[in-house]
Structures are given as C-alpha cells and as structure tokens.
Amino acid sequence: MAELRIRRGDPIVILTGAGISRESGLHTFRDAGGVWSQVKLEDVATPEAYARDPQQVQDFYNARRAQLDDPAVQPNAAHRALAELEAEWGGPVLIVTQNIDDLHERGGSKSILHMHGELRRVRCTACHDNREVTGDVTLADVCPKCGNIGTRRPDIVWFGEIPYGMERIYGALAECALFLSIGTSGTVYPAAGFVAEASKHGAFCLELNLEPSHGATMFNQALTGPATELVPWLVNMLLGRG
C-alpha cells in the first residue's frame, strides 16, 4: 500500500458503483449475468423507452424496487465500514453513489449523493413533485400534488439525462484530499472522469475493485479484492485501528 498523505479530518470523496452492492445480493449491470444481459437498456432506461412503453418501464423498476425488500438483501461489511468512517473521521466524507439502491442509507451513512437517482423515489413529469414511494408504481397512480394520473415516473437518471448533483460533486472533488473509488467499472461518464478531476486538484486517488477498472492506471494505487474485505481494512487503517 502506497503511503497515504492524508491527515485525520481531511475531506474525502467516495465514489461507489454496483460492485459494492453485489455482495448484498443485488445484480450488477455490466458483469456476465448482470442486468443489461437480461434486458435491453433502450427498452427500460431511456426517456424514449418510457414514452414508448411506460408500463414496461414501470414493471422493470417495480421488480427492482421489490428486490430491496428481500430479507436476504442487506447492507454488507463495506457499507457499514463507510458509515463508521463518516461517523468517526472528524471531517467531511461524501459518498457519491451510482447505485439506485438504499444500502448505504441502511448501512448507516448520512452524507450520500445519488447521482443516478433512487429506486424508492418517484417524480411527477407534470409538476416535478419528488417523493419517497413504497410498493409498485402504476399508470393509474394519481400525483398527490397536482392530481394528474399516470405522470409518476421512477426518479432514475436514464441514459441521455443529466446526473444529479454535478456542481456539488465537482466542488467536493476539487477540495478532497482522498478520492476513493469502490466497485465501479470506470466506463460510464461523467463518473469515469472523477479520478482525473480529483487528481488534477492534488487528491490521492485509490481504487478498490474486484478487478482493475478501465481507468485503473489513472489512480495512485488500485487494489483488487472483494469490497467486504478491502473497505473494512482501509477504514480501519484510516481510523488508526491497528
């Protein structure tokens, strides 16, 4: 492990991808057997798909939302370790996640930015009302704010749409001393470009992944292994636990 030139309390930005949730029983998108091997993204993850067949899109996200309620799907050791880091670090720790699940929240983290949206939220295409939802969303649903029927879509950033919180993310990347990327393929922009942005501002950039990402050479160091092993190990080291 290269020497981490970071002081206790220095700002940290953590990017997480589907790999951190894989060990909690949720499918990743790009692995063999992942979500995109089972369905075409153009059928469920674009504004055009929703306009063409909103029922199919709602059914897809209803099924994924229901998976979060499976008793077997629980925060793992990596999620819990990141919550401990946030609670004990003594400085800002921002988790920027590409994941649309709620495992970071359930693991205890508080400072989370879901750049691709959240499965448990819907927004109204008519009045832009945005709120938490439980259970299935249907085309017969009435927006509780404006009263329109069938206008509540998943609060998911689809391909071709702008991710949430970009101004806040780039501001944090410009100020962080440590940029940590966990369980992401490094192929989808703008997230794939975060390492270059953080490095430009002098952050130490560290990747933890099951296998090296496409951008692994851009990091100061890239470590391979399961998130449930690497993340608790790193957090213990940062917190001086021996």
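Residues numbered from 1 in each chain as written. Predicted model: local features only at pLDDT ≥ 70, side-chain atom pairs only at ≥ 80, totals over all residues. Heavy atoms only, no water.

K.L.:
An account of the overall build of the protein chain is needed here, citing residue identities and associated values.
P.N.:
Secondary structure assignment for the protein chain yields 10 helices and nine strands. When the backbone C-alpha atoms are referred to their principal axes, the protein chain occupies close to 55 × 35 × 30 Å. The 242 residues of the protein chain split such that 50% are buried. Pairs at least 24 residues apart make up 65% of the contacts formed inside the protein chain by residues separated by at least 6 positions. Within the protein chain, the 30 negative side-chain charges are centred at a point lying 3 Å from the centre of the 22 positive side-chain charges. (Helix = DSSP H or I, 4+ residues; strand = E, 2+ residues; numbered from the N terminus. Buried < 20%, exposed > 50% of the residue type's maximum accessible area, 1.4 Å probe, protein only. Contact = heavy atoms within 4.5 Å. Lys, Arg positive; Asp, Glu negative; His and termini not counted. Charge placed at Lys NZ, Arg CZ, Asp CG, Glu CD.)

K.L.:
Can you explain the UniProt feature "binding site: substrate" (unreviewed entry) in the protein chain? Please cite residues and give values.
P.N.:
Those places that UniProt annotates as "binding site: substrate" (unreviewed entry) correspond, in this numbering, to Tyr61 and Arg64. Checked against the element boundaries, Tyr61 lands in helix α5 (residues 54-67). Excluding anything up to four places from it in sequence, Tyr61 contacts Val44, Ala45, Ile100, Leu119, Pro154, Ile156 and Trp158. Within the secondary structure, Arg64 sits in helix α5. Given the relative accessible area of 14%, Arg64 is considered buried. (UniProt positions renumbered as here; feature names shortened; annotations may be inferred.)

K.L.:
Now, about the sheet that holds strand β4 (residues 117-124): what can you tell me, with residues and values included?
P.N.:
Sheets are built from strands that pair by backbone hydrogen bonding, the pairs being arranged parallel or antiparallel. With antiparallel pairing, three strands are arranged side by side in an open sheet as β5-β4-β6. If you trace the sheet from one side to the other, it starts and ends with β5 (130-132) and β6 (152-156), each paired once. Within the sheet, the average angular offset between the axes of one strand and its neighbour, ignoring direction, is 40 degrees. Note: β4 against β6, four bridges, orientation antiparallel. Paired with Cys124 across the two strands is Arg152, which belongs to β6. Sheet strands in contact with α5 are β4 and β6, and its direction is about 55 degrees off that of β6. (Pairing = 2+ DSSP bridges. Axes fitted to C-alpha atoms, helices over the stretch in contact; angles between N-to-C directions.)

K.L.:
I'd like a rundown of the nonpolar core, residues and numbers included.
P.N.:
Counting residues in hydrophobic clusters, the biggest one holds 28 residues, and the most contacted among them are Ile14, Leu85, Ile182, Leu208 and Val231. No other element matches the six residues that helix α10 (residues 227-238) contributes to this core. Beyond its immediate sequence surroundings of up to four residues, Ile14 is in contact with Leu82, Leu85, Val93, Leu94, Ile95, Val96, Leu180 and Ile182. (Core = buried A, V, L, I, M, F, W, Y, C linked by side-chain atoms within 4.5 Å.)

K.L.:
Give a detailed account of the packing of aromatic side chains, specifying residues and quantitative values.
P.N.:
This structure, assessed with the given rule, holds five aromatic pairs. A ring pair is formed by Phe60 and Tyr61, whose centres lie 4.9 Å apart and whose planes are at 90 degrees; its orientation type is edge-to-face. The same class applies to Phe60 and to Tyr61, which are both buried. Taking the centre distance of 6.2 Å and the plane angle of 15 degrees together, the rings of Phe179 and Phe219 count as stacked. Residue Phe179 is located in strand β7 (residues 178-182), and its partner Phe219 is located in the loop between β8 (204-209) and β9 (221-224); the two are separated by 40 residues in the primary sequence. Residue classification places Phe219 among the buried residues on the basis of a relative accessible area of 11%. Pairwise contacts between aromatic rings join Tyr50, Phe60, Tyr61 and Trp158 into one cluster. (Phe/Tyr/Trp six-rings, centres within 6.5 Å; stacked < 30°, edge-to-face > 60°.)

K.L.:
Quick rundown of the domain arrangement of the protein chain? Include the residues and the values.
P.N.:
By the assigned domains, the protein chain splits into domain 1 (12-26 + 75-116 + 163-239) and domain 2 (35-72 + 121-156). Its C-alpha centre places domain 1 at a distance of 27 Å from the equivalent point of domain 2. Considering only the surface of domain 1 that becomes buried against domain 2, Leu26, Ile100 and Tyr164 emerge as the three largest contributors, covering 58% of it. Our enumeration of links across domain 1 and domain 2 arrives at zero salt bridges. Our enumeration of links across domain 1 and domain 2 arrives at four residue pairs in polar contact (both at pLDDT 80 or more). When the residues that make up the side of domain 1 that touches domain 2 are grouped by side-chain class, the tally is three nonpolar, three polar and three charged. (Domains from an automatic or database assignment. Buried area = accessible area lost by both parts, 1.4 Å probe. Salt bridge = Lys/Arg side-chain N within 4 Å of Asp/Glu carboxyl O. Polar contact = N/O pair within 3.5 Å; in protein donor to acceptor, adjacent residues only side chain to side chain. Nonpolar A, V, L, I, M, F, W, Y, C, P; charged D, E, K, R; others polar.)

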